[in-house]
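Here are the chains, one letter per residue:
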Amino acid sequence: MTIEKLLVANRGEIALRIMRTAREMGIQTVAIYSEADRNALHVRYADEAVYVGPAPSSESYLRADIIIDVCKQLNVDAIHPGYGFLSENANFARLVREAGLLFIGPSPESIEVMGSKLAAKAAVATYNIPMVPGTPSAITDRSEAKIISAKIGYPILIKASAGGGGKGMRVVESEADFDEQMDRAVSEAQSAFGDGSVFIEKYVTSPRHVEIQVLGDQHGNIIHLFERECSVQRRHQKVVEEAPSAILTPEIRDAMGRAAVDVARACGYYGAGTVEFIVNDKLDFYFLEMNTRLQVEHPVTEQITGVDLVKQMIYIAEGKPLAIRQEDLEIKGHAVEVRVYAEDPANNFLPDVGTLDTYVRPQGNGVRVDDGFEQGMAIPIYYDPMIAKLITYGDSREEAIQKMIRAIDEYQISGVQTTLPFCRFVMEHDAFRSGQFDTGFVSKYFTPDKLTPAPDVAESELAAVLAAYLLNNTRPNAGRTQQNGENIQVTTQKSNWKANRLR
Ligand code: MV4
């Protein structure tokens, strides 16, 4: 089957990302949009665009029925769900299949198994996958659970089987807290997921988050595309991702890659997927869960492998056998991604949606910006406040980080506060630079007074013009102090007035 027309059931940067590859492959693109996205870039980019409903996602981007109707009306062959929204909804994948359309992703059965952490653990049980010591099934008998917890040793972690991304997790420090935390975990799981099943794991303190990208075809071939490290997180929200990890040895990388392929094999996986591990300070790794979608941070893997993951997903959905063999793949260079959010890092990361009065992207060698906005556009309040993903690529980790700092400094955004100054803080930090960090990085090191604010756009432009004038039309050298013939110091150093105003 060859896909001639593809509908992207998503919005923003990921909708554009997917449509770009589709266009390169000669595939016609269909966008869907809500009331809030009438003028969005993904709508303008697509060959056709269809309005699906009011701004709230429950009335637009989550309307499986409307989306499938649109496909029938426009003779669409396949749907790419992107990430979020309907991407990990097994029922949607099933409806798509029943409508005679291709779902660009795994089977509904794989989504279902991996959507339940307990079902996932059960599925991989026959393979030799390292897992954190814990209960293999949902807790029904509390006194039995306490005996197991005592055996494992406190602290333990109560997790919701239907949870993900840290939702519904409870640390229990000692048996005295067991009942109280268990009550909370069960009621949280019940109200958040409609499923109160919880299980217990040994609590691994200060782990690193390392995930393996896999690709499987519909003929049983599965490969991995190495790891991404996503340990810099804030409240389970990833902030910085990179590939490869700064700490893995070739041997551990290989072992994790093989474990990830086995996890995928255990559920008959096809499509692009991510197998998530935690890694302790001794580099022991443990399988946690599998994400059955294209992830936000997939570009860092694309940069170091040269593989277009969306293109592979499309080929796989068409039934083609994987053309990439494991032995063809190697890591080349290093990539770092930061997520630029419309949030104020000086004010507890409060969302700061508004209009992008100035929006100038960084450019140049080794810089990739995946975004869905242009200058003058408003960031809708209804969706994730991510403005862009800024990705840099270099020969080495150090080079990728230097490029990132340069790119952050070139990025000009006004009208909303952004997490760019926070990302710069991470890039400059010794713990990040040395690779000696874990998932506790942000809470351990970050306080708002550590921010060097982004330059004010108008002021830095004025400073540049002044510098150029004083230097007799020498190009201004931002951030450095220069001396002219008369010994006048001219500096275009970033101003601090924004930070002063905030304090
Ligand atoms: C853990 C853990 C420690 N021990 N499991 C959080 C999100 C979810 N995917 C799994 N998570 C964790 N599971 C055991 N047995 C610590 C975390 C965790 C974490 C994991 C990855 C990235 C960031 C994190 C931040 C806090 C806790």
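Naming follows an unreviewed UniProt entry, where the protein chain appears as Acetyl-CoA carboxylase biotin carboxylase subunit of Spirosoma validum.

Novice: What is the right way to read the environment of Glu 276 from this model?
Specialist: By the secondary structure assignment, Glu 276 is in strand S12 (residues 271-279). Exposure remark for Glu 276: the relative accessible area of 12% places this residue in the buried category. For the pair Glu 276 and Gln 213, spaced 63 residues apart in the sequence, the C-alpha separation amounts to 9.0 Å.

Novice: I keep staring at the sheet that holds strand S8 (residues 198-202) and nothing clicks. Help me out?
Specialist: Strands in a sheet are paired, the pairing made by backbone hydrogen bonds, and the direction either parallel or antiparallel. An order of S7-S6-S8 is seen for the three strands of this open sheet, with the pairing classed as antiparallel. Of all strands in the sheet, those bounded by a partner on one side alone are strand S7 (170-172) and S8. Taking each pair of neighbouring strands and ignoring which way they run, the sheet shows an average axis angle of 30°. Here strand S6 (residues 156-160) pairs with S7 via three bridges, running antiparallel. For Leu 157, the partnering residue across the bridge sits in S7 and is Val 171. Its contacts with the sheet place helix H7 (residues 142-152) against S6 and S8, and it is angled at close to 20° to S8.

Novice: Sorry, what's going on with the packing of aromatic side chains here?
Specialist: For any pair of aromatic rings, the description consists of the separation of the ring centres together with the inter-plane angle of the planes. As enumerated under the stated definition, the model contains 18 aromatic pairs in all. Ring plane angle 80° and centroid distance 5.6 Å describe the contact between Tyr 61 and Tyr 383, whose orientation is recorded as edge-to-face. Taken together, the positions of Tyr 61 in the loop between strand S3 (48-53) and helix H3 (64-73) and Tyr 383 in the loop between strand S18 (367-371) and strand S19 (386-394) put the pair 322 residues apart, joining distant regions of the chain. Residue Tyr 61 shares its accessibility class with Tyr 383, and that shared class is buried. Summarising the aromatic geometry, the rings of Phe 92 and Phe 103 are spaced 6.1 Å apart at their centres and angled 80° between planes, so their arrangement reads as edge-to-face.

Novice: Would you explain empty space enclosed by the protein in this entry?
Specialist: To locate leftover empty space, one rolls a probe as large as a water molecule over the atoms. Enumeration over the complete set of coordinates arrives at two cavities of 30 Å³ or more. The volume enclosed by the largest cavity comes to roughly 40 Å³. Taken together, Pro 81, Gly 82, Ser 87, Phe 103, Ile 104, Gly 105, Pro 106, Ala 272, Thr 292, Arg 293, Leu 294 and Met 313 make up the lining of the largest cavity.

Novice: Even after reading the chapter, I still don't get the site of the ligand, so can you show me in this structure?
Specialist: Near the ligand, the surroundings consist of 19 residues, among which Lys 159, Glu 201, Lys 202, Val 204 and Glu 276 are the closest. Separating a nitrogen atom of the ligand from a side-chain N or O atom of Glu 276 is a distance of 2.7 Å. Contributions of two or more residues to the shell around the ligand are made by S6, S8, S12 and strand S13 (285-291). Broken down by class, the residue content of the shell around the ligand amounts to eight nonpolar, six polar and five charged.

Novice: Would you mind going over the sheet that holds S3 with me for this structure?
Specialist: With respect to topology, five strands assemble into an open sheet ordered S3-S2-S1-S4-S5, the strand pairing being parallel. In this open sheet, the two edge strands, each paired with only one partner strand, are S3 and strand S5 (102-103).

Novice: Where do I start with the pattern of salt bridges in this structure?
Specialist: Between side chains of opposite charge, a pair can form when the charged atoms approach closely. For the structure shown, the criterion picks out 38 salt bridges. Among the salt bridges present, the one from Asp 37 reaches Arg 11, with a minimum N-O distance of 2.7 Å. A residue pair is termed long-range when its members are at least 10 positions apart, and Asp 37 in the loop between strand S2 (28-34) and helix H2 (41-45) and Arg 11 in the loop between strand S1 (5-8) and helix H1 (12-24) qualify at 26 residues. Neither Asp 37 nor Arg 11 differs from the other in exposure class; each is buried. Note that Glu 297 is salt-bridged to Arg 339, the shortest N-O span being 3.1 Å. Highlighted residues: Glu 297 in the loop between S13 and helix H10 (298-305) and Arg 339 in strand S14 (residues 334-341), separated in sequence by 42 residues. Judged by relative accessible area, which is 7%, Arg 339 ranks as buried. Counted as one network, the salt bridges with shared partners bring together Glu 211, Arg 228, Lys 238, Glu 241, Glu 297 and Arg 339.

Novice: What is the right way to look at H10 in this model?
Specialist: Since the α-helix packs 3.6 residues into each turn, any two residues three or four apart lie on the same face. Of all eight residues in H10, seven are buried, a share of seventy percent or more. Taken as a whole, H10 has its buried residues at His 298, Pro 299, Val 300, Thr 301, Glu 302, Ile 304 and Thr 305.

Novice: Explain the pairing of strand S10 (residues 222-234) here, please?
Specialist: Remember that side chains alternate between the two faces of the sheet whenever the strand is regular. Most of S10 sits out of view: 13 of its 13 residues are buried. Pairing between strand S9 (residues 208-216) and S10: six bridges, direction antiparallel. Its bridge partner being in S10, Val 210 is matched across the sheet by Glu 229. Where S9 folds back on S10, the antiparallel hairpin that results is connected by five residues, among which Gly 220 adopts a positive phi of roughly 90°. Across four bridges, S10 lies against strand S11 (residues 237-243) in antiparallel orientation. From the neighbouring strand, Val 232 faces S11, where its bridge partner is Val 240. As consecutive antiparallel partners, S10 and S11 are separated by two residues, and within that stretch Arg 235 has a phi angle of approximately 50°, a positive value.

Criteria and cut-off values
- Residues numbered from 1 in each chain as written.
- Predicted model: local features only at pLDDT ≥ 70, side-chain atom pairs only at ≥ 80, totals over all residues.
- Heavy atoms only, no water.
- Helix = DSSP H or I, 4+ residues; strand = E, 2+ residues; numbered from the N terminus.
- Buried < 20%, exposed > 50% of the residue type's maximum accessible area, 1.4 Å probe, protein only.
- Pairing = 2+ DSSP bridges.
- Axes fitted to C-alpha atoms, helices over the stretch in contact; angles between N-to-C directions.
- Contact = heavy atoms within 4.5 Å.
- Phe/Tyr/Trp six-rings, centres within 6.5 Å; stacked < 30°, edge-to-face > 60°.
- 1 Å grid on protein atoms, 1.4 Å probe; cavity = no way out; pocket = protein on both sides within 12 Å on 5 of 7 lines; lining within 4 Å.
- Points joined across faces, edges and corners; volume = space filled by probe spheres on them.
- Near = heavy atom within 4 Å.
- Polar contact = N/O pair within 3.5 Å; in protein donor to acceptor, adjacent residues only side chain to side chain.
- Nonpolar A, V, L, I, M, F, W, Y, C, P; charged D, E, K, R; others polar.
- Salt bridge = Lys/Arg side-chain N within 4 Å of Asp/Glu carboxyl O.

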